[in-house]
2 protein chains.
Amino acid sequence: MPPFEVPEGDPFGPHNLPYGVFSPAGSQERTVGVRLGDHVLDAGAAAHALGSPYAALLARPTLNPLLAAGRTAWSDVRRALTAWVTVPSHRETVAPFLHPLSSVTLHLPFEVADYVDFYASENHARNVGQIFRPDAADSLTPNWKHLPIGYHGRAGTVVVSGTDVVRPSGQRKAPGDAAPVFGPSVRLDIEAEVGFVVGAPSPLGRPVPLADFREHVFGLCLLNDWSARDIQAWEYVPLGPFLGKSFATSVSAWITPLDALEEARVAPPERTHPLLPYLDDSQEEPGGYDLRISVAVNGHVVSEPPFSTMYWTAAQQLAHMTVNGASLRTGDLYGSGTVSGPEPAQRGSLLELTWNGRDPLELPDGKRTFLEDGDVVTLSAWAPGPDGARVGLGEVTGRIVAG
Amino acid sequence: MPPFEVPEGDPFGPHNLPYGVFSPAGSQERTVGVRLGDHVLDAGAAAHALGSPYAALLARPTLNPLLAAGRTAWSDVRRALTAWVTVPSHRETVAPFLHPLSSVTLHLPFEVADYVDFYASENHARNVGQIFRPDAADSLTPNWKHLPIGYHGRAGTVVVSGTDVVRPSGQRKAPGDAAPVFGPSVRLDIEAEVGFVVGAPSPLGRPVPLADFREHVFGLCLLNDWSARDIQAWEYVPLGPFLGKSFATSVSAWITPLDALEEARVAPPERTHPLLPYLDDSQEEPGGYDLRISVAVNGHVVSEPPFSTMYWTAAQQLAHMTVNGASLRTGDLYGSGTVSGPEPAQRGSLLELTWNGRDPLELPDGKRTFLEDGDVVTLSAWAPGPDGARVGLGEVTGRIVAG
């Protein structure tokens with residue numbers, strides 16, 4: 001089928017057009033690509049051929065220049081790309097710049113500046129609280145409903161989908177043990193999340209208000225926050241997760257621009273506690289996104305977490321992250337935190353799905369509590385698009401290899 | 001006095017030669033400089049004039065290319081620089097590239113990749129434990145003697161000495177309050193630390209052993225981890241510090257190469273707990289550094305923390321940070337954690353110096369519990385050098401301005 005004729009119902013049709021960075025077959029050079037069905041458009045080359053003023057912005061080895069260009073440029077580029085792949089008179093010009101997806105190498109699409117991870121699913125936070133603090137009066141910590149809890153993660157170990165994940169070693173100590181032992185993690189887990197990519201920076205000392213979210217955030221991706229639960233449990237008091245998380249964080253190769261997700265916007269769950277003004281979104285545009293995530297282990301779907309259930313929105317997270325005056329940089333990435341819905345089959349981590357190993361999952365290739373070497377985990381997702389179409393998010397996949 | 005004739009006893013003599021990045025008077029261009037007494041040598045220009053093969057490495061707007069070049073290059077460049085500023089036959093050639101320190105603008109000397117902050121002073125950790133958990137049986141958490149506790153901080157808000165620090169706003173809630181309130185921090189504090197700068201990177205999945213510390217770490221600097229204690233107290237459970245720390249971290253403009261600190265190396269305190277093999281430094285070269293830090297508020301010295309008392313060394317911190325396979329990048333920065341000695345006048349934070357505000361400090365300009373707007377905090381330090389000389393560390397200073 002010719003590349004332009006994306007089949008009816010394809011979630012990567014011209015209504016989607018996510019951005020990535022690729023090398024064509026046989027080349028080491030990286031350049032910005034836009035996904036259309038099963039093809040990748042070399043965006044810079046197409047722009048050059050069509051005399052577009054955005055050619056220089058797109059013929060680059062990372063998305064960062066486009067991210068830095070700001071919302072007006074994002075809209076203009078998207079409008080131009082849409083025309084190039086839909087207007088018949090452009091086809092002859094554009095066709096040579098379409099590469100079959102299967103022939104290209106996909107790279108980490110942007111240089112990550114700071115990486116922050118949040119904890120914004122009430123279902124996830126309650127599950128974790130019940131598992132680790134069964135005697136607590138409330139499974140949520142007292143601050144949970146007042147602010148989006150977050151922490152900084154390691155930006156240098158964010159890897160693109162498809163990168164193998166080496167099982168980390170570290171210290172662990174069960175409560176009854178006299179001293180910690182060292183070895184490969186035996187409780188290696190996933191966290192199904194959505195990552196938000198900051199484009200336009202902000203200056204030090206000036207908070208970004210809720211209403212400016214879409215001036216700064218370019219788009220989103222799927223994110224798997226691999227977690228070694230045994231390492232994490234021993235290390236995290238009092239300063240939070242560190243080596244239990246820092247060995248790898250996988251992101252999809254495709255960044256979906258927020259402009260492709262207009263139809264997916266939904267109100268977040270009803271707020272049960274009054275919010276301080278800088279977080280109060282009751283008068284703002286809907287801040288949630290209706291993303292339907294699917295988690296598969298070795299090709300077998302184990303969970304379908306609904307992103308629409310997240311208590312804290314990405315706009316609230318951005319406002320909170322900067323309310324102390326912290327600046328934003330192009331390439332900042334922040335994760336939503338594990339997405340878990342209210343149903344057992346909607347939980348975004350094996351910790352929750354197996355209730356900390358108590359209830360193993362039955363997979364076609366055997367039982368699982370946590371991940372085995374060789375396991376392949378894949379997150380995929382779609383969102384409602386225009387006229388009943390689906391907007392596909394790029395998948396994020398990774399295979400566990402022995403350390 | 002001619003620039004080459006650094007006075008006897010000057011802690012920035014030719015035995016020191018720390019690296020920075022500066023712009024000469026009237027210029028916006030940034031280039032690598034080396035401090036000699038009260039002057040800055042334009043290292044790239046001098047190298048070019050002398051036909052050095054390192055000219056291209058030094059005539060750059062950041063230290064990152066030099067950092068990435070690795071230990072052999074670091075030694076070669078240092079040997080060359082030492083010759084240029086000490087061998088009389090070079091003087092005529094080099095003299096035009098010396099700028100009075102007072103005439104130049106100093107910049108953040110390197111692009112920070114990831115920023116990690118540790119918690120390696122036993123005195124500090126015990127003080128904090130006693131202040132915040134007075135009923136605990138042990139003021140240290142159970143993991144403290146088994147691993148260097150650390151967490152990731154915000155790399156994008158690392159600023160150079162001299163940058164004003166805007167008082168952060170945020171949420172705080174006293175235990176008796178019904179709900180949090182929002183406003184400027186009323187418990188703004190400092191943390192006197194030493195920062196270590198990673199030069200040579202390491203690949204994902206491969207830990208860096210203790211013995212390879214000096215293959216990867218280029219040098220150190222003073223670091224002030226500004227901390228909003230009220231914001232931190234409310235936010236940090238269960239994922240650690242976030243907005244209470246992320247508004248600003250100040251580093252000195254000068255990075256002292258480890259090669260200038262050979263005489264300052266000392267054994268760390270005796271280990272009270274057996275260490276797992278990857279942290280066991282009993283057979284390694286001495287991993288501590290005898291740095292004498294001084295903390296001044298508005299010019300008045302309030303503390304003199306001795307870095308030699310730190311329980312965990314920088315080599316142990318690096319081994320721990322990578323033991324899970326996390327990679328290193330050129331420009332990674334990690335802080336020691338607050339340096340506090342055993343004596344009350346050796347504590348590296350106002351939290352400890354005033355015992356959480358209970359015992360105000362008497363300064364010439366009034367009492368202090370935490371920082372007031374307008375306060376200027378300056379950390380300085382020196383280390384023993386060759387033949388009784390002192391090796392000065394570049395100071396780190398910052399003024400609090402209202403948010």
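Residues numbered from 1 in each chain as written. Chains lettered and ligands numbered in written order. Predicted model: local features only at pLDDT ≥ 70, side-chain atom pairs only at ≥ 80, totals over all residues. Heavy atoms only, no water.

**Q** Give me the relation of the copies chain A and chain B: which residues, what numbers.
**A** When chain A is fitted to chain B, the best match, at an RMSD of 0.0 Å, comes from turning it 180 degrees and sliding it 0.0 Å along the axis. Each copy turns onto its partner about a two-fold axis. Rotation axis and chain A: the residue whose C-alpha lies nearest the axis is glycine 240 of chain A, separated from it by 2.0 Å. Interface overlap between copies is the fraction of interface residues in one copy that are interface residues in the other; for chain A against chain B it reaches 100%, indicating a shared surface. (Least-squares fit on C-alpha atoms with pLDDT ≥ 70 in both. Contact = heavy atoms within 4.5 Å.)

**Q** Residues and numbers for the interface of chain A and chain B, please.
**A** Of the residues lining the interface, 53 residues belong to chain A; the matching set on chain B comes to 53 residues. Taken over both partners, the interface formed by chain A and chain B buries close to 5100 Å², and the fraction arising from carbon and sulfur atoms is 64%. It is Arg154, Leu239 and Phe242 of chain A in chain A that bury the most area against chain B; as a group they hold 16% of the surface buried on that side. The interface formed by chain A and chain B holds two salt bridges in total. (Buried area = accessible area lost by both parts, 1.4 Å probe. Salt bridge = Lys/Arg side-chain N within 4 Å of Asp/Glu carboxyl O.)

**Q** Could you give me a rundown of the domain arrangement of chain A, with the residues and numbers involved?
**A** All names here are of chain A. For chain A, the assigned domains read domain 1 (19-107) and domain 2 (115-401). On the side of domain 2, 18 residues touch domain 1, which itself brings 18 residues to the contact. At the boundary of domain 1 with domain 2, total buried surface from both sides reaches about 1600 Å², with 66% on carbon and sulfur atoms. Where domain 1 meets domain 2, there are one salt bridge. Note that glutamate 215 is salt-bridged to arginine 71, the shortest N-O span being 2.9 Å. Where domain 1 touches domain 2, the interface holds two residue pairs in polar contact (both at pLDDT 80 or more). Of all elements in the fold, only strand S1 (19-23), strand S2 (31-36), helix H3 (64-69), helix H4 (71-86) and strand S5 (105-107) reach the threshold of two or more residues within the side of domain 1 that touches domain 2. Grouping the amino acids of the side of domain 1 that touches domain 2 by side-chain chemistry returns ten nonpolar, five polar and three charged. (Domains from an automatic or database assignment. Polar contact = N/O pair within 3.5 Å; in protein donor to acceptor, adjacent residues only side chain to side chain. Helix = DSSP H or I, 4+ residues; strand = E, 2+ residues; numbered from the N terminus. Nonpolar A, V, L, I, M, F, W, Y, C, P; charged D, E, K, R; others polar.)

**Q** Explain the UniProt feature "domain: Fumarylacetoacetase-like C-terminal" (unreviewed entry) in chain A to me, using residue names and the numbers behind them.
**A** With numbering aligned to this structure, UniProt lists the feature "domain: Fumarylacetoacetase-like C-terminal" (unreviewed entry) at residues 116-400 of chain A. When the span residues 116-400 of chain A is considered, its composition is 12% helix and 31% strand, and the gap between its end C-alpha atoms is 23 Å. (UniProt positions renumbered as here; feature names shortened; annotations may be inferred.)

**Q** Can you tell me about the environment of glycine 199 of chain B, naming the residues and giving the values?
**A** Counting through the fold element by element, glycine 199 of chain B comes out in the loop between strand S13 (192-198) and helix H7 (213-216). In this structure glycine 199 of chain B touches Leu67, Ala68, Trp74, His216, Val217, Phe218 and Thr330 of chain B, once residues within four positions along its chain are discounted.

**Q** Mind laying out the sheet that holds strand S3 (residues 39-42) of chain A, listing which residues take part and the relevant values?
**A** Residues and elements named next belong to chain A. Strand order in the open sheet formed by five strands is S4-S3-S2-S1-S5, with antiparallel pairing between adjacent strands. Either end of the sheet is taken by a strand with one partner, and the two such strands are strand S4 (98-100) and S5. Shown here is a sheet whose adjacent strand axes are inclined to one another by a mean of 45 degrees, direction ignored. Relative to S1, H4 is tilted by about 65 degrees, and along the sheet it contacts S1, S2 and S3. (Pairing = 2+ DSSP bridges. Axes fitted to C-alpha atoms, helices over the stretch in contact; angles between N-to-C directions.)

**Q** Outline the UniProt feature "binding site: Ca(2+)" (unreviewed entry) in chain A, listing residues and values.
**A** All names here are of chain A. UniProt records the feature "binding site: Ca(2+)" (unreviewed entry) at Asp117, Glu191, Glu193 and Asp225, using the numbering of this structure. The greatest C-alpha distance among the annotated residues, which extend across 109 residues, is 10.9 Å, indicating that they converge on a single site. With respect to the helices and strands, the residue aspartate 117 is situated in strand S6 (residues 115-118). According to the relative accessible area criterion, aspartate 117 is buried, its value standing at 1%. Positionally, glutamate 191 belongs in the loop between strand S12 (188-189) and strand S13 (192-198). With a relative accessible area of 5%, glutamate 191 lands in the buried category. When neighbours within four sequence positions are excluded, glutamate 191 is seen to be in contact with Asp117, His124, Leu223, Asn224, Asp225, Ser227, Arg229, Lys245, Thr338 and Gly348. (Buried < 20%, exposed > 50% of the residue type's maximum accessible area, 1.4 Å probe, protein only.)

**Q** Give a description of the sheet that holds strand S21 (residues 300-303) of chain A that names residues and reports values.
**A** If you walk across this open sheet you meet the five strands as S9-S26-S25-S20-S21 (chain A), and the pairing is mixed. Since the sheet does not close on itself, it has two edges, and those belong to strand S9 (165-166) and S21 of chain A, each with one partner.

**Q** Quick one: what's the story with the environment of leucine 140 of chain B, residue by residue and with numbers?
**A** Residues and elements named next belong to chain B. Tracing the chain through its elements places leucine 140 in the loop between helix H6 (122-132) and strand S7 (150-153). Take leucine 140: its relative accessible area is 7%, and that puts it in the buried class. C-alpha separation for the pair leucine 140 and arginine 271, spaced 131 residues apart in sequence, amounts to 15 Å. Every residue in contact with leucine 140, bar those within four places of it in the chain, is listed here: Glu122, Ala125, Arg126 and Lys145.

**Q** Explain the pattern of salt bridges residue by residue, including any values.
**A** Residue and element names in this part refer to chain B. Counted by the stated rule, this structure contains 48 salt bridges over all chains. In this structure, arginine 229 engages glutamate 191 in a salt bridge whose closest nitrogen and oxygen atoms are separated by 2.8 Å. You can see arginine 229 sitting in helix H8 (residues 229-235) and its partner glutamate 191 sitting in the loop between strand S12 (188-189) and S13, a full 38 residues away along the chain. Grouping residues by exposure puts arginine 229 and glutamate 191 together as buried.

**Q** For the packing of aromatic side chains, give the residues involved together with the corresponding values.
**A** All told, the structure shown has 20 aromatic pairs over all chains when counted by the stated rule. Consider the rings of tryptophan 144 of chain A and tyrosine 311 of chain A, whose centres lie 5.6 Å apart with planes at 50 degrees: the pair is tilted. You can see tryptophan 144 of chain A sitting in the loop between helix H6 (122-132) and strand S7 (150-153) and its partner tyrosine 311 of chain A sitting in the loop between S21 and helix H9 (314-322), a full 167 residues away along the chain. Residue classification places tryptophan 144 of chain A among the buried positions, given a relative accessible area of 1%. Accessibility expressed as a relative area gives 1% for tyrosine 311 of chain A, which makes it buried. When the centroid spacing of 6.3 Å and the interplanar angle of 35 degrees are considered together, the rings of phenylalanine 196 of chain B and phenylalanine 307 of chain B count as tilted. You can see phenylalanine 196 of chain B sitting in strand S13 and its partner phenylalanine 307 of chain B sitting in the loop between strand S21 (300-303) and helix H9 (314-322), a full 111 residues away along the chain. Take phenylalanine 307 of chain B: its relative accessible area is 7%, and that puts it in the buried class. Among the aromatic residues, ring-to-ring pairing joins Phe118, Phe196, Phe213, Phe307 and Tyr334 of chain A together with Phe242 of chain B into one connected group. (Phe/Tyr/Trp six-rings, centres within 6.5 Å; stacked < 30°, edge-to-face > 60°.)

**Q** Outline helix H4 (residues 71-86) of chain B, listing residues and values.
**A** Count 3.6 residues to each turn of an α-helix, and residues three or four apart come out pointing the same way. Residues and elements named next belong to chain B. An ideal rise of 1.5 Å per residue puts 22 Å on 16 residues; H4 measures up with 22 Å between its terminal C-alpha atoms. When we look at burial in H4, the residues that qualify are Ala73, Trp74, Val77, Arg78, Ala80, Leu81, Trp84 and Val85. The arc that holds the buried residues of H4, viewed along the axis, is 165 degrees, so those residues lie on one side. Exposed and facing more than 90 degrees away from the buried side of H4 are Thr72 and Arg79. (Expected span 1.5 Å × (residues − 1). Arc of directions from axis to C-beta.)

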